[in-house]
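Each chain, written out:
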Amino acid sequence: RVAPRLDNKILLSWNALMVVALAKCAKALNRADWLELAKQNLDFLLGNFFDGKDWKRSLTSDHTKISATLEDMAYLIKALLVLGEQSINYEYILKAASLLEWVNLNFSDETKCFYYFSSKTQEDILVRKIDTYDGVIPFVNAVMAENLLILSKWLEQEALQERCNAMLASMSSKAKHYPGSFAYW
C-alpha cells in the first residue's frame, strides 16, 4: 500500500486568521504568552511570504510558489491591524497601511470600489472575478471594507473611509434582501 501524500504547506491567509484569533484571545484572557506567539507568527509570515517583489500564498519546504490572492492580503492586513491594536505597536499599523497601498495597486477594480480576487500580475488566469458573498469565512471584499474603515481612523485619511462607504453602499440592497449571504457586510 502506498502511503498517502502529506499536505505540509503553510497558508498565508489561514495563519493570518490564527494571528487575529491569538491576539484577540490574548487580550481577552490577559495572556502575554499568546500575544507573543501571535507576534512571532506574524513576523514569520512577513519574513517568509514576500519574495522581494510579490507576496505568495503558500510556503512549502522553505520556498513559495503561488502568488497571493486578495484573501491572503486582506487577512494579513487584518492581522496587522488587530495585533497592532492589541500590542500597542504602531509599526504594525504602518505596515498594514503599506500593504493596503500594494493591494490597491494590484487588486483594485477599474472603478476603485471593489477588489479582484486575483492580482493584476497573475498571468495564468483567464478571468479576474470580484466576489462579494460570505462563505465559511467572511468574504475578502467585506474584510477589505473593514480594513479600510480601521485604517481611515488610524491614519486620518478620509479617502479610505469614502472607499469603504462606496463598498457598503454598493452592497446594501443585496444585503437587505439576502442577509445570510452577506453577514460580514
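Above: the structure in question.
Remember, predicted model here, so these are calculated numbers, not experimental data. (Residues numbered from 1 in each chain as written. Predicted model: local features only at pLDDT ≥ 70, side-chain atom pairs only at ≥ 80, totals over all residues. Heavy atoms only, no water.)

## Brief notes about the overall build of the chain
Next, step 1: Secondary structure assignment for the chain yields 6 helices and 3 strands.
Next, step 2: In the chain, the succession of α and β elements from N to C terminus is β-α-α-β-β-α-α-α-α.
Next, step 3: Rg of the C-alpha trace for the chain: 17 Å, near the compact-globule value of 16 Å for 185 residues, within the 12% margin.
Next, step 4: Its C-alpha atoms put the chain at 50 × 45 × 35 Å along the principal axes.
Next, step 5: In the chain, which comprises 185 residues, the share counted as buried stands at 45%.
Next, step 6: Residue pairs at least 24 apart in sequence account for 56% of intrachain contacts in the chain once pairs closer than 6 positions are excluded.
Next, step 7: By element, 56% of the accessible surface of the chain is carried by carbon and sulfur atoms, the whole surface being about 10,600 Å². (Helix = DSSP H or I, 4+ residues; strand = E, 2+ residues; numbered from the N terminus. Rg over C-alpha atoms; globule rule 2.2 N^0.38 Å. Buried < 20%, exposed > 50% of the residue type's maximum accessible area, 1.4 Å probe, protein only. Contact = heavy atoms within 4.5 Å. Areas by Shrake-Rupley, 256 points an atom, 1.4 Å probe, with all protein chains shown as cover.)

## Remarks on the packing of aromatic side chains
Next, step 1: Scanning the model with the defined rule gives 4 aromatic pairs in all.
Next, step 2: The ring of phenylalanine 117 carries lysine 129 above its face, with NZ or CZ at 5.7 Å from the centroid.
Next, step 3: The side chain of arginine 163 reaches across the aromatic face of tyrosine 115, ending 4.0 Å from its centre. (Phe/Tyr/Trp six-rings, centres within 6.5 Å; stacked < 30°, edge-to-face > 60°. Lys NZ or Arg CZ within 6 Å of the ring centre and 35° of its normal.)

## Section: the pattern of salt bridges
Next, step 1: Enumeration over the complete set of coordinates arrives at 6 salt bridges.
Next, step 2: Its salt-bridge partner being aspartate 54, residue lysine 56 comes within 3.7 Å of it at the nearest N-O pair.
Next, step 3: Judged by its relative accessible area of 10%, lysine 56 is buried.
Next, step 4: The partner of glutamate 71 in a salt bridge is arginine 57, with the nearest N and O atoms 3.4 Å apart. Residue glutamate 71 is located in helix H3 (residues 70-87), and its partner arginine 57 is located in the loop between helix H2 (32-48) and strand S2 (58-60); the two are separated by 14 residues in the primary sequence.
Next, step 5: Note on glutamate 71: relative accessible area 14%, which makes it buried.
Next, step 6: Taking relative accessible area as the criterion, arginine 57 reaches 22% and is therefore assigned partly exposed.
Next, step 7: Connected through shared salt-bridge partners, Asp51, Asp54 and Lys56 make up one network. (Salt bridge = Lys/Arg side-chain N within 4 Å of Asp/Glu carboxyl O.)

## Focus on the nonpolar core
Generally speaking, nonpolar side chains in soluble globular proteins are found buried as a group.
Next, step 1: With 53 residues, the main nonpolar core has Trp55, Met73, Ile77, Val103, Tyr115 and Leu151 as its most contacted residues.
Next, step 2: Elements represented by at least two residues in this core include exactly helix H1 (12-29), H2, H3, helix H4 (90-107), helix H5 (140-155) and helix H6 (158-177).
Next, step 3: It is H3 that contributes the most residues to this core, 11 residues altogether.
Next, step 4: Excluding residues within four positions of it along the chain, methionine 73 makes contact with Trp55, Ala68, Leu99, Trp102, Val103 and Phe107. (Core = buried A, V, L, I, M, F, W, Y, C linked by side-chain atoms within 4.5 Å.)

## Some words on the side chain of lysine 78
Next, step 1: Note on placement: lysine 78 falls in helix H3.
Next, step 2: Classification of lysine 78 by relative accessible area gives buried; the value is 10%.
Next, step 3: Beyond its immediate stretch of four places on either side in the chain, lysine 78 contacts Val20, Val143, Glu146, Asn147 and Tyr184.

## With respect to a nonpolar patch on the surface
Next, step 1: Taken together, the side chains of Tyr90, Leu94 and Trp154 present a nonpolar region at the surface, about 280 Å² in accessible area.
Next, step 2: Residue position: leucine 94 is located in helix H4.
Next, step 3: With relative accessibility at 36%, the residue leucine 94 sits in the partly exposed group. (Patch = residues over 30% accessible without salt bridge, like charges linked within 9 Å, V, L, I, M, F, W, Y side chains within 5 Å.)

## A word on the environment of aspartate 51
Next, step 1: With respect to the helices and strands, aspartate 51 occurs in the loop between H2 and S2.
Next, step 2: Look at aspartate 51 and you get partly exposed, because its relative accessible area is 41%.
Next, step 3: Between the C-alpha atom of aspartate 51 and that of glutamate 146, which follows or precedes it by 95 residues, the distance is 27 Å.
Next, step 4: Polar side-chain contacts of aspartate 51 include one of 3.0 Å to the backbone nitrogen of lysine 53.
Next, step 5: Reaching out from aspartate 51, the side chain makes a polar contact with the backbone nitrogen of aspartate 54 at a distance of 2.8 Å. (Polar contact = N/O pair within 3.5 Å; in protein donor to acceptor, adjacent residues only side chain to side chain.)

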